[in-house]
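Secondary and tertiary structure notes
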Amino acid sequence: MSLGDWSLDPSLVYVVLAASLYILGSRGRPPTRGQACAFAASLLTLVIALNSPIDRYADQLFWVHMLQHVLLLTVAPPLFLLGRPWPRMWRALPLEPRTAVARTIARAGWTRPLRMLARPLPAWILYNATIVCWHLPGAYDATLNYGAVHVIEHAMFFFTGLLFWARVIDPGPLRPKLIWPVRIAYTGGAMVVGWVLAITLVLEPHAIYGYYASLVHRPGGITALTDQQLAGGVMWVPGSLSYGITLLAGFYKWLEPEHTARPAFTT
């Protein structure tokens, strides 16, 4: 790998825009060090996932592609929310456009559907259905054969990830109302969905995805089946880290005597 392996993916525009809005909206009301670091780490994760050599090697190695998915689903979204970006990014916009956008949303009646979508059960279903559906063979191969489909997949991973993790982390406008036992079940259930997919990839005796099965050469000289098993391992172990950390924190908050007196996952 070399610096030449880095690319200028269109997602970089959104990263720069988000960073600019966050900085402008923080003037006069600076974030805490933890919030700023979390937000910066989230944007860095997006750049690593979509602009670094990971994106190039994802077309040649299934396990690298799975690592990219893990970053977009379970690393970038929770870090983004821990940065508490919404009030700052909103304040960065001029007053008149802010008012116009708010009035348009209210008049169009979008507020109610958006709030419904952000509720725990719809958010959980949408997040996990997105993961499962994009890992079906036909859909997965389509992302590798058509660039536009791949961009849509990545966007859905990140934004449904924001919806999902917003029910666990206190991010502001989507502040969760879940008690700790429910948050634990909510997170644990999603982790189990990932485990089922991972176990399927590890135990399946044949290469599932035609795109990777048809490759003549792979970096490292591994077979398509070994590549698939490694991908299952990436989904199983690194893919469980964010869920595991959340579960441990959730049990701690649930069991400590004064857990009802302090907000959860704030920085």
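The paragraphs below set out a description of the structure included in this document. (Residues numbered from 1 in each chain as written. Predicted model: local features only at pLDDT ≥ 70, side-chain atom pairs only at ≥ 80, totals over all residues. Heavy atoms only, no water.)

1. Some thoughts on the overall build of the chain
Quick note on the threshold: Helix numbers and strand numbers start at the N terminus; a helix is a DSSP run of H or I with at least 4 residues, a strand a run of E with at least 2. Partly exposed residues are those whose accessible area sits between 20% and 50% of the maximum for their type, while under 20% is buried and over 50% is exposed, using a 1.4 Å probe and protein chains only.
Along the backbone of the chain there are 14 helices and zero strands. Secondary structure elements of the chain occur, N-terminal to C-terminal, as α-α-α-α-α-α-α-α-α-α-α-α-α-α. Out of the 267 residues in the chain, the part that is buried amounts to 42%.

2. Digging into the packing of helix α8 (residues 120-134) against helix α11 (residues 180-203)
What counts here: Axes, fitted as lines to C-alpha atoms, cover a helix only where it is in contact. Angles between the N-to-C directions of the axes lie from 0 to 180 degrees. The scheme is simple: roughly parallel for angles under 35 degrees, roughly antiparallel for over 145, roughly perpendicular for 65 to 115, oblique for anything else. Here a crossing is called left-handed whenever its near helix is offset anticlockwise from the far helix by less than a right angle, and right-handed whenever the offset is clockwise. Throughout, a contact is declared for two residues whenever any of their heavy atoms are within 4.5 Å. For this classification, the nonpolar set comprises Ala, Val, Leu, Ile, Met, Phe, Trp, Tyr, Cys and Pro, the charged set comprises Asp, Glu, Lys and Arg, and every other residue, Gly included, is treated as polar.
The interhelical angle for the contact between α8 and α11, taken along N-to-C directions, is 15°, at an axis separation of 11 Å. One way to sum up the angle between α8 and α11 is to call them roughly parallel. Considering only the axes of α8 and α11, their crossing is right-handed. Within the contact between the two elements, α8 uses P120, A123, W124, Y127, N128, I131 and V132 and α11 uses Y186, G189, A190, V193 and L197. Taken together, the residues of the contact of α8 with α11 break down into ten nonpolar, two polar and no charged.

3. Concerning empty space enclosed by the protein
Using the following cut-off: Only protein atoms enter the 1 Å grid, on which a cavity is a set of points fitting a 1.4 Å probe that cannot get out and a pocket is an open set with protein on both sides within 12 Å along at least 5 of 7 lines, lining residues being those with an atom within 4 Å of a point. Grid points are joined across faces, edges and corners, and a volume is the space filled by probe spheres set on the points.
Using the criterion set out here, one finds one cavity of 30 Å³ or more in the structure. In this structure, the largest cavity occupies an estimated 130 Å³ of space. Residue assignment for the lining of the largest cavity shows that the elements contributing at least two residues are α4 (62-82), α8 and α11. At five residues, the largest contribution of residues to the lining of the largest cavity is made by α4. Tallied by class, the residues present in the lining of the largest cavity amount to nine nonpolar, five polar and no charged.

4. Regarding the nonpolar core
Put simply, the test is: We call a set of buried residues a nonpolar core when its members are Ala, Val, Leu, Ile, Met, Phe, Trp, Tyr or Cys and they connect through side-chain atoms within 4.5 Å of each other.
Counting residues in hydrophobic clusters, the biggest one holds 56 residues, and the most contacted among them are F62 and Y127. Counting residues per element, this core draws most heavily on α4, which supplies ten residues.

5. Section: unusual backbone geometry
Positive phi values are uncommon outside glycine, yet R84 reaches one of about 45°. Examined against the element boundaries, R84 turns out to sit in the loop between α4 and α5 (86-91).

6. Some remarks on the layout of surface pockets
Space inside the second largest pocket adds up to approximately 190 Å³. In terms of lining residues, the second largest pocket is bounded by eleven residues, among which P78, L82, S242, I245 and T246 are the most central. The set of elements that each furnish at least two residues to the lining of the second largest pocket consists of α4 and α14 (241-255). Broken down by class, the residue content of the lining of the second largest pocket amounts to eight nonpolar, three polar and no charged.

7. Observations regarding the packing of aromatic side chains
What counts is decided by this rule: Only Phe, Tyr and Trp rings take part, Trp by its six-membered ring, and two of them pair if their centres are within 6.5 Å. Stacked means planes under 30 degrees apart, edge-to-face means over 60, and tilted covers everything else. A ring is considered to have a charge above it if a Lys NZ or an Arg CZ atom is located within 6 Å of its centre and within 35 degrees of its normal.
Using the criterion set out here, one finds 17 aromatic pairs in the structure. When the ring of Y127 is compared with that of F164, the centres are 4.2 Å apart and the planes differ by 15°; the resulting orientation is stacked. A residue pair is termed long-range when its members are at least 10 positions apart, and Y127 in helix α8 and F164 in helix α10 (residues 147-165) qualify at 37 residues. We note that Y127, like F164, is buried. Chaining the aromatic ring pairs together yields one cluster made of Y22, F39, F80, W86, F158 and F159. One Lys or Arg, R183, reaches over the ring of W180 and ends 4.5 Å from the middle of that ring.

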